[in-house]
Amino acid sequence: MKTARCRFALAASLAVCLCAAEAFMQSAAAQGADKSGVERLYILNCGEGVAGDISRWSPGVNVGKSMDFVDNCYLIKHSQGWFLWDTGLADAIAAMPNGQAPADPRMTHWRRPKTLAAQLDELRVKPADLKFMAVSHTHPDHAGNVEMFPQTMLLVQKAEYEWPSPLGVGRFKAEHPVTKLDGDHDVFGDGSIVIISTPGHTPGHQSLLVKLPKTGAVLLSGDAVHFKDNWENRRVPENNDGKDSSSVSMQRMADVMVKEKAQLWINHDKAQRDGLKMSPAFYE
Ligand SMILES: [Zn+2]
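Bear in mind the structure is a predicted one, so any value in this text is a computation, not a measurement.

Peer 1: Which residues make up the overall build of the protein chain, and what values go with them?
Peer 2: Along its length, the protein chain carries seven helices and twelve strands. For the protein chain, with 284 residues in total, the buried portion stands at 45%. Intrachain contacts of the protein chain at a sequence separation of at least 6 include 66% that bridge at least 24 residues.

As structure tokens, this is what we get:
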């Protein structure tokens, strides 16, 4: 009898022990889920240029005024792998002594002071190291180097992928690995890097929410807006695919920013980028 009671007591204390261990593991898992899987974000110089007439992006406002533009790519190190957001102007432009002049002088005359390849090299990241990549949209200043990463899974909205190109060919190589999205997408499944669907500038335009462990949440605009003044005044560029959808997307972004307490980093805004750290410096 005594032995049996003893065994029972032992079993009971073991059960308490196991329960405590389980509770500890659960709370550790919960803490892990709170912790961002994003480790670092690098801003890469993917172009610099001069916009001939910014009223193209703000109909009727600032007519004839030119403005310096920049073009960024963002390389993110997540605990599960590397992710590249936008690929910038084609690296070939770096070899053009006067850059690439636009057909329409109101548009942007682009130069590429540094190639994307050289900047990845500097960080010792090889194209094959990237687990995922995504472009905000298929304009050439964002999708110029997609084929530098022929094995990397490309995350793109189905509406953008299937958007007919003026050249009558696909916007991406048919053999490039792709996941066609229909709306928002949590890239690594932990909420730390989320593609936010923001159609309007193009049919399948997308923006990116990144939750950095120290910096906090940052929303990368893509071309949902081109510079701060147009964001504050919610102006829709004349060549956007959809005027109403552009306005709806800007409001969606504002809502995401409130909910996530996110800063907005505007891809082409030189004044803002001048105040940010460029690679090889990084944000945590
Ligand atoms: Zn664009």
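Once the structure has been displayed, the description carries forward.
Peer 1: Can you explain the sheet that holds strand E8 (residues 185-186)? Please cite residues and give values.
Peer 2: Pairing in this open sheet of five strands is mixed, and the strands run E8-E9-E10-E11-E12 from one edge to the other. Edge positions in the sheet fall to E8 and strand E12 (263-265), since each of these pairs with one other strand and no more. Direction of pairing for E8 relative to strand E9 (residues 193-197): antiparallel, over a ladder of two bridges. Looking at the pairing, Asp 186 lines up with Val 194 of E9. In the packing of helix H6 (residues 243-260) onto the sheet, the strands contacted are E9, strand E10 (206-212), strand E11 (216-220) and E12, and the crossing angle to E10 comes to about 10°.

Peer 1: Residues and numbers for the coordination of the zinc ion, please.
Peer 2: The zinc ion binds to the protein through His 137 (NE2), His 139 (ND1), His 201 (NE2) and Asp 223 (OD), with metal-donor distances spanning 2.2 to 2.3 Å. Around the zinc ion, the four donor atoms sit at angles spanning 89 to 175°, and that spread fits a shape best called irregular. Read in sequence order, the donor residues coordinating the zinc ion give the pattern H-x1-H-x61-H-x21-D. Here His 137 falls in the buried class, since its relative accessible area comes to 0%. Accessibility expressed as a relative area gives 26% for His 139, which makes it partly exposed.

Peer 1: Outline the nonpolar core, supporting the account with residue identities and numerical values.
Peer 2: With 22 residues, the main nonpolar core has Leu 41, Phe 83 and Leu 208 as its most contacted residues. With residues up to four places along the chain from it excluded, the contact list for Leu 41 reads Tyr 74, Leu 75, Ile 76, Val 210, Leu 212, Trp 265, Phe 282 and Tyr 283. Core analysis: the next-biggest nonpolar cluster, separate from the first, contains 21 residues, Leu 123, Val 125, Val 146 and Phe 149 among them.

Peer 1: Explain the side chain of Ser 58 to me, using residue names and the numbers behind them.
Peer 2: On the secondary structure map, Ser 58 appears in the loop between strand E1 (38-51) and strand E2 (67-78). Here Ser 58 falls in the buried class, since its relative accessible area comes to 0%. What Ser 58 contacts, discounting residues up to four positions off in sequence, is Asn 230 and Arg 235.

Peer 1: Kindly report on the layout of surface pockets, identifying the contributing residues and their values.
Peer 2: Approximately 940 Å³ is the volume found for the largest pocket. Lining the largest pocket we find 38 residues, and of these Met 107, Thr 138, His 139, Pro 140 and Asp 141 sit closest to its centre. Of all the secondary-structure elements, those providing two or more residues to the lining of the largest pocket are strand E4 (108-111) and helix H3 (140-143). The element contributing the most residues to the lining of the largest pocket is H3, with three residues. When the residues that make up the lining of the largest pocket are grouped by side-chain class, the tally is 20 nonpolar, twelve polar and six charged.

Criteria and cut-off values
Residues numbered from 1 in each chain as written. Predicted model: local features only at pLDDT ≥ 70, side-chain atom pairs only at ≥ 80, totals over all residues. Heavy atoms only, no water. Helix = DSSP H or I, 4+ residues; strand = E, 2+ residues; numbered from the N terminus. Buried < 20%, exposed > 50% of the residue type's maximum accessible area, 1.4 Å probe, protein only. Contact = heavy atoms within 4.5 Å. Pairing = 2+ DSSP bridges. Axes fitted to C-alpha atoms, helices over the stretch in contact; angles between N-to-C directions. Donors = N, O, S within 2.8 Å, 3.2 Å for Na, K, Ca; no water. Tetrahedral: all angles 85-135°; square planar, octahedral: opposite > 155°, others 65-115°. Core = buried A, V, L, I, M, F, W, Y, C linked by side-chain atoms within 4.5 Å. 1 Å grid on protein atoms, 1.4 Å probe; cavity = no way out; pocket = protein on both sides within 12 Å on 5 of 7 lines; lining within 4 Å. Points joined across faces, edges and corners; volume = space filled by probe spheres on them. Nonpolar A, V, L, I, M, F, W, Y, C, P; charged D, E, K, R; others polar.

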